[in-house]
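# Per-entry structural report
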Amino acid sequence: MTRLFRRPCGKAPSWSFFAFWLLCSLALADRPPAVAVASAHPLATEAGLEILRQGGNAFDAAVAVSAALAVVEPYGSGLGGGGFWLLHRAADGREVMIDGRERAPLAAGRDLYLDDGGEVVPRLSIDGPLAAAIPGEPAALAHIARRYGLLPLERSLAPAIRLAREGFEVDEHYRRMAAWRLEVIRRYPKTAAIFLDEGEVPQLGHRIVQPELARTLERLAKAGREGFYDGPVARRLVASVRAAGGIWSLEDLRQYRVVERKPVVGHFAGHRIVSASPPSSGGVVLVEMLNMLTEAGWRSLQGVDRVHLLVEVMRRAYLDRARYLGDPDQVEMPLDRLLSREHALRWVATIDPHHATPSSVLAEPEPEGTDTTHFSILDAEGNRVAATLSINYPFGSGFVAGGTGVLLNDEMDDFSAKPGVPNVYGLVGGEANAIAPGKRMLSSMTPTFIESSERVAILGTPGGSRIITMVLLAVLEAVEGQPVAQWVSRPRFHHQYLPDQMQLEPGALTEPVKEELGRRGHHLRQLDRSWGNMQAIHWDRRTGRVSAASDPRGAGSASTVAVENLH
Ligand code: GLY
């Protein structure tokens, strides 16, 4: 032990040396007994484990899982989309959010989706290449591999390249998503040739093979970022987008940069909450809701009283989302105020414990998307990744850029097409989220860590504007000591300020609770289908046990492997 303190020159150790030694010792003492990967597709989970077995760390595995999902979950995320990768590096405790969110093309103006009369043109920001923003995922994967990984990109992308070349089998979820977007997929022959079978939704077990995507992945593996944003892939992307009515330029691709951002941090029930920062609204809205719950004394409330409080808290935080949040590089946001205890107290003071507050008396709006994907990873060092990735709607814009195999996003719909006016889904957005050249659109993606001396949790989910409330409900399960399977499976309810309605999954609440909420003035909307696809990992530091769970609503898989069985 004493030798550790002695420097080669024999002088007394400096404080920085001591701090470094302490940090390393703590990191060594705090290692999980197992690694874990939870993702929305078994083949992506397997890709992550394959890379961990080859000696990669959680960051290499995150690259592998992201790329595999781009191949086998084409409706959820992909090289043509973007996302947020929340990283925790165990060796030095560094936590960072890799912002690979798409950017509006430089030629995009605030009126891009309005007609001559100033009205929003339906579906223009959803279907086809004009809906596509400049992708961030390829740049993010190259960045994560170079800055945080141990393996070359060629190794971490290898499973995805293999899956693209050899194909994967269509499952029920694929069929549902393809049926939902059948019209737009059929509109673009390249897309239909890859994702349909003779123009129809493929049967179960049909193989989707993507040789062009495999070649694009190979270029990325070989040349890194430039393999996508420059050279032949970039030229093909731009030419085919423009030929089909889009507005991308080579300069858009050349200018695209990943940004490293400081995550949002909050404290709740003895736990530290680390989550996504703008341009996602996720962390801010989540921490605002948790702050309000703390100030309102949520623990003392049970049953309908707790549900009522949760809905009122959701309503208020989503109002702030609509009013204030946007791209931090282009919009001034009062984040300190929104995340303060005083702000939570002010909001809590407006909550009537016996009556719903009509959203109309609070004010303003918000936008949403519907599909997306999430995965969580923990490695043997305690490195961790929570990543939520998206191309927005299922199968994005429906447009595959010629010769690249890359299905483009329709993330432009996450902007407010016309601030203050409802978008095509009856939702409205704020001025802070108006379209501007090169701007990142506001997101709801909420990759999150929960940490305390008792536990480390890694979680997140797809689900458009409902993402943040799903993560909120899971945080409550976690801090109350429920098993991880319960975090991902619990029935969900949601309120997003506007429309002023409380949305319920089947079986979310009992009839007496619903009746009482109705009496208190809540507008209940019972939906006949569920939402979300949460992927979560729990490392219980008291028992040393690592467990992982994949949402039973989806077709994903969660695996843990004891460290001694890894190699
Ligand atoms: N496209 C979904 C989101 O970013 O919130």
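Parameters at a glance
- Residues numbered from 1 in each chain as written.
- Predicted model: local features only at pLDDT ≥ 70, side-chain atom pairs only at ≥ 80, totals over all residues.
- Heavy atoms only, no water.
- Helix = DSSP H or I, 4+ residues; strand = E, 2+ residues; numbered from the N terminus.
- Rg over C-alpha atoms; globule rule 2.2 N^0.38 Å.
- Buried < 20%, exposed > 50% of the residue type's maximum accessible area, 1.4 Å probe, protein only.
- Contact = heavy atoms within 4.5 Å.
- Areas by Shrake-Rupley, 256 points an atom, 1.4 Å probe, with all protein chains shown as cover.
- Lys, Arg positive; Asp, Glu negative; His and termini not counted.
- Charge placed at Lys NZ, Arg CZ, Asp CG, Glu CD.
- Phe/Tyr/Trp six-rings, centres within 6.5 Å; stacked < 30°, edge-to-face > 60°.
- Pairing = 2+ DSSP bridges.
- Axes fitted to C-alpha atoms, helices over the stretch in contact; angles between N-to-C directions.
- Near = heavy atom within 4 Å.
- Nonpolar A, V, L, I, M, F, W, Y, C, P; charged D, E, K, R; others polar.
- pLDDT = per-residue confidence, 0-100.
- Core = buried A, V, L, I, M, F, W, Y, C linked by side-chain atoms within 4.5 Å.
- Salt bridge = Lys/Arg side-chain N within 4 Å of Asp/Glu carboxyl O.
- Polar contact = N/O pair within 3.5 Å; in protein donor to acceptor, adjacent residues only side chain to side chain.

## Topic: the overall build of the protein chain
A tally of helices and strands in the protein chain yields 21 helices and 20 strands. Taken over C-alpha atoms, the radius of gyration comes to 23 Å for the protein chain, in line with the 24 Å a tight globule of 567 residues would show. Each of the 567 residues in the protein chain was classed as buried or not, and the buried ones make up 62%. Sequence separation of 24 or more characterises 73% of the internal contacts of the protein chain that already satisfy a separation of 6 or more. Of the roughly 20700 Å² that the protein chain leaves accessible, carbon and sulfur atoms contribute 53%. Here the protein chain holds 62 positive side-chain charges and 66 negative ones, and the gap between their average locations is 5 Å.

## Remarks on the packing of aromatic side chains
Following the criterion strictly, the structure yields 10 aromatic pairs and no others. Centre to centre, the rings of Phe-195 and Phe-395 are 5.4 Å apart; their planes meet at 65°, and the pair counts as edge-to-face. Residue Phe-195 is located in helix α9 (residues 189-195), and its partner Phe-395 is located in the loop between β10 (384-390) and β11 (400-401); the two are separated by 200 residues in the primary sequence. Each member of the pair, Phe-195 together with Phe-395, is buried.

## Description of the sheet that holds strand β18 (residues 535-540)
Pairing is antiparallel across the open sheet formed by 6 strands, whose spatial order is β7-β8-β13-β14-β18-β19. Looking at strand neighbours, the two that pair on one side only are β7 (264-268) and β19 (545-550), the edges of this open sheet. Each adjacent strand pair in this sheet contributes to an overall mean axis angle of 15°, direction not counted. The pairing of β18 with β19 spans 6 bridges and is antiparallel.

## Some details on the site of the ligand
Taken together, Arg-101, Thr-372, Ser-390, Asn-392, Glu-411, Asp-414, Ser-443, Ser-444 and Met-445 make up all the residues around the ligand. Contact with the protein chains hides 99% of the accessible area of the ligand, taken as 200 Å² for the molecule alone. Considering only residue class, the shell around the ligand consists of 1 nonpolar, 5 polar and 3 charged.

## Things to note about the environment of Ala-108
Note on placement: Ala-108 falls in the loop between β3 (95-100) and α5 (137-148). You can call Ala-108 buried: its relative accessible area is 2%. Residues Ala-108 and Ala-133, spaced 25 residues apart in sequence, show a C-alpha to C-alpha distance of 9.4 Å. The contacts of Ala-108, once residues within four sequence positions are left out, are Ile-247, Met-412, Ile-435, Ala-436 and Pro-437.

## Describing the confidence of the model for the protein chain
Atom-level detail of predicted coordinates should not be read off regions where pLDDT is low. The predicted model of the protein chain averages 92 in pLDDT, with 92% of residues at 70 or higher. Note on residues 1-13: pLDDT is under 50 here. Beyond four places in sequence and across chains, it has 10 contacts.

## Focus on the nonpolar core
For soluble globular proteins, the rule of thumb is that nonpolar side chains tend to be buried together. Ranked by internal contacts, the top residues of the largest apolar core, which has 85 residues, are Trp-85 and Phe-375. With 80 residues, the next largest nonpolar core counts Ala-276, Ile-467, Leu-473 and Ala-549 among its residues.

## Describing the pattern of salt bridges
Under the definition given, this model contains 41 salt bridges. Among the salt bridges present, the one from Arg-186 reaches Glu-200, with a minimum N-O distance of 3.0 Å. Within this pair, whereas Arg-186 is found in helix α8 (residues 182-187), its partner Glu-200 is found in the loop between α9 and β5 (207-208), the two being separated by 14 residues in sequence. On the basis of relative accessible area, Glu-200 is assigned to the partly exposed category, the value being 45%. One salt bridge in this structure joins Lys-190 and Glu-212, with 3.5 Å as the shortest N-O distance. With Lys-190 in helix α9 and Glu-212 in helix α10 (residues 211-223), the pair connects residues that are 22 residues apart, well separated along the chain. On the basis of relative accessible area, Lys-190 is assigned to the partly exposed category, the value being 36%. The structure contains a network of salt bridges with shared partners spanning Arg-123, Asp-127, Arg-181, Arg-187 and Asp-410.

## Considering the pairing of β7
Residues of β7 alternate between two faces, with Val-264, Gly-266 and Phe-268 buried on one and Val-265 and His-267 left unburied on the opposite face. The pairing of β7 with strand β8 (residues 271-275) spans 5 bridges and is classified as antiparallel. Paired with Val-265 across the two strands is Val-274, which belongs to β8. Hairpin connection from β7 to β8: 2 residues lie between these consecutive antiparallel strands, with Ala-269 at a positive phi of about 50°.

## Brief notes about the side chain of His-271
By secondary structure assignment, the location of His-271 is in strand β8. At 3.4 Å, the side chain of His-271 and the side chain of Ser-452 are in polar contact. With near-sequence residues (within four places) excluded, His-271 lies in contact with Gly-266, Ile-450, Glu-451, Ser-452, Glu-454, Arg-455 and Val-479.

## Some remarks on unusual backbone geometry
Negative phi values dominate among residues other than glycine, just as trans dominates among peptide bonds. Here the residue pair Pro-278 and Pro-279 is connected by a cis peptide bond, since its omega of 20° sits within 30 degrees of zero. Among the structural elements, Pro-279 can be located in the loop between β8 and α14 (282-295). In this chain, Leu-498 is followed by Pro-499 through a cis amide linkage whose omega measures 0°. Looking at where Pro-499 falls in the secondary structure, it is placed in the loop between β15 (493-494) and β16 (502-504). Even without being glycine, Arg-123 reaches a positive phi, approximately 70°. Looking at Arg-123, the relative accessible area reads 39%, which means it is partly exposed. Even without being a glycine, Phe-395 presents a positive backbone phi close to 65°. Since its relative accessible area comes to 0%, Phe-395 is described here as buried.

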